[in-house]
Amino acid sequence: MKLRGHLMLLVMMVCGYYRCRMRWCPSSVLHLLRCVRLRSWPRRGRNRVPQCMSEIWAYIKLLVQSLYFNTLTDSDVVFDSIFEPVFWTVDYVTRWFGVVFVCLVVILTSSIVVIAYVVLLPLVLNTYSPAWIAWHVCYGHWNLVMIAFHYYKAAKTSPGFPPTVKNDTPFVSVCKKCIVPKPARTHHCGICNRCILKMDHHCPWLNNCVGHFNHRYFFSFCLFMTLGCVYCSISGRNLFLDAYNALETQYQTPAPPYTFKDKMINKSIIYMWVLTSTVGVALGALTIWHGVLISRGETSIERHTNGKETKRMAKRGKVYRNPFSYGRLNNWKIFLGVEKRSHWLTRVLLPSGHAPHGDGMTWDFLPIKKDLVPV
């Protein structure tokens, strides 16, 4: 009995020993893994992604999540969000290249003026009758003055900005970028990074926005530049044909002796005719388009918004009417600032720096039967 008791005690001790060993092994393994993890943690920190890359990745994740943030998201919001970097790049490049475009306009226009004075004017004085000489001299200089005046005023005149301080001016919305109230017909320009009163578009050739206070200068510049280009193209057509034939004709007999001066004159005439004809066609189409918009009492931006609104109202069986259109004649009177008959001469056919009608923040709506300007 004693032997059996001792054996039982020995078996229990052995089982307890192995039971302890079995319990110790997993804890030891876990302890070893903890040590390995703690030792490898600094190495993982050294190989961590740079902070700038982490910020970019976080911004991309936020951008993707914003596309399905709420139920108000539509295709326009998704499109704007995806192409926001492209829009920002275009605005940035256009802002910095505005000065280049202005210099290009000045250089090209000045080159045509130099050719007209150096090459064409002596030919006119030697070949034309006194009546034609008087016509060319008077019309040419009048057109040149109108182009220079309106281009300078369009580029240097502020298009008009809404007030940034609290005031009693009525507004239709709040700009989500400027966080300021926007009056009617006001839009935000991403290139100027400001809200513009009665914004039409941002013109890189002016390095300025076309808005309420310089819209007339912009249109007048386009009109008189088109007239000047057409004038040079028509009056210089025969000279262009003679110069082109002189340079390109293949002679079976020895060619007439042309000096270096003669060749430069012929090339200058060809350059002037090609440039003025090309600009006249392109700028003429733009001028006609803006003339149609002025007749309708719209800007370039309002043309798109009014088109969408017309379709939306048509689906409901209604007709949309532009609240800022006062009739074709009245639209032109208001745009040009004509208040009496003499203004067609002093304010339209001659350089004039008069202010436009209104302040660009408040507008009369649909005065159909009332003549705004008593002419």
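This section reports on the structure supplied with the text. (Residues numbered from 1 in each chain as written. Predicted model: local features only at pLDDT ≥ 70, side-chain atom pairs only at ≥ 80, totals over all residues. Heavy atoms only, no water.)

Side note on the nonpolar core
Alright, step 1. Formed by 16 residues in total, the largest nonpolar core has its most connected members in Leu206, Phe218, Phe221 and Met225.
Alright, step 2. Considering each element in turn, this core owes the most residues, 7 residues, to helix α6 (residues 215–235).
Alright, step 3. Apart from the residues lying within four places of it in its own chain, the contact partners of Phe218 are Ala154, His201, Cys203, Leu206, Val210 and His290.
Alright, step 4. Formed by 13 residues, the second largest nonpolar core is a distinct cluster that contains Ile115, Tyr139, Ile269 and Met272. (Core = buried A, V, L, I, M, F, W, Y, C linked by side-chain atoms within 4.5 Å. Buried < 20%, exposed > 50% of the residue type's maximum accessible area, 1.4 Å probe, protein only. Helix = DSSP H or I, 4+ residues; strand = E, 2+ residues; numbered from the N terminus. Contact = heavy atoms within 4.5 Å.)

Quick look at the packing of helix α4 (residues 84–127) against helix α8 (residues 260–296)
Alright, step 1. Interhelical geometry of α4 versus α8 gives an angle of 135 degrees and a closest axis separation of 10 Å. Here α4 lies oblique to α8, going by the angle between them. Note that α4 runs across α8; the crossing there is left-handed. Across from Leu108, Ser111, Ile112, Ile115, Val119 and Leu120 in α4, the residues of α8 making contact are Ile265, Ser268, Ile269, Tyr271, Met272, Leu275 and Thr276.
Alright, step 2. Partitioning the contact of α4 with α8 into residue classes produces 10 nonpolar, 3 polar and no charged. (Axes fitted to C-alpha atoms, helices over the stretch in contact; angles between N-to-C directions. Parallel < 35°, antiparallel > 145°, perpendicular 65-115°, else oblique. Left-handed = near helix turned anticlockwise from the far one by under 90°. Nonpolar A, V, L, I, M, F, W, Y, C, P; charged D, E, K, R; others polar.)

A short note on unusual backbone geometry
Alright, step 1. Residue Asn193 is not a glycine yet carries a positive backbone phi of 60 degrees.
Alright, step 2. With respect to the secondary-structure elements, Asn193 resides in the loop between β3 (187–189) and β4 (194–196).
Alright, step 3. Here the phi dihedral of Asn207 falls at roughly 55 degrees; this positive angle occurs in a residue that is not glycine.

Concerning the pattern of salt bridges
Alright, step 1. Inspection of the entire model under this criterion finds 3 salt bridges.
Alright, step 2. Residue Arg185 is joined to Glu302 by a salt bridge in which the shortest nitrogen-to-oxygen separation is 2.7 Å. Taken together, the residues Arg185 in the loop between β2 (181–182) and β3 and Glu302 in helix α9 (residues 300–315) connect sequence positions 117 residues apart.
Alright, step 3. A relative accessible area of 9% places Arg185 in the buried class.
Alright, step 4. With its nearest N and O atoms 3.9 Å apart, the salt bridge here joins Glu298 to Arg303.
Alright, step 5. On the basis of relative accessible area, Arg303 is assigned to the partly exposed category, the value being 32%. (Salt bridge = Lys/Arg side-chain N within 4 Å of Asp/Glu carboxyl O.)

Geometry only, nothing functional implied.
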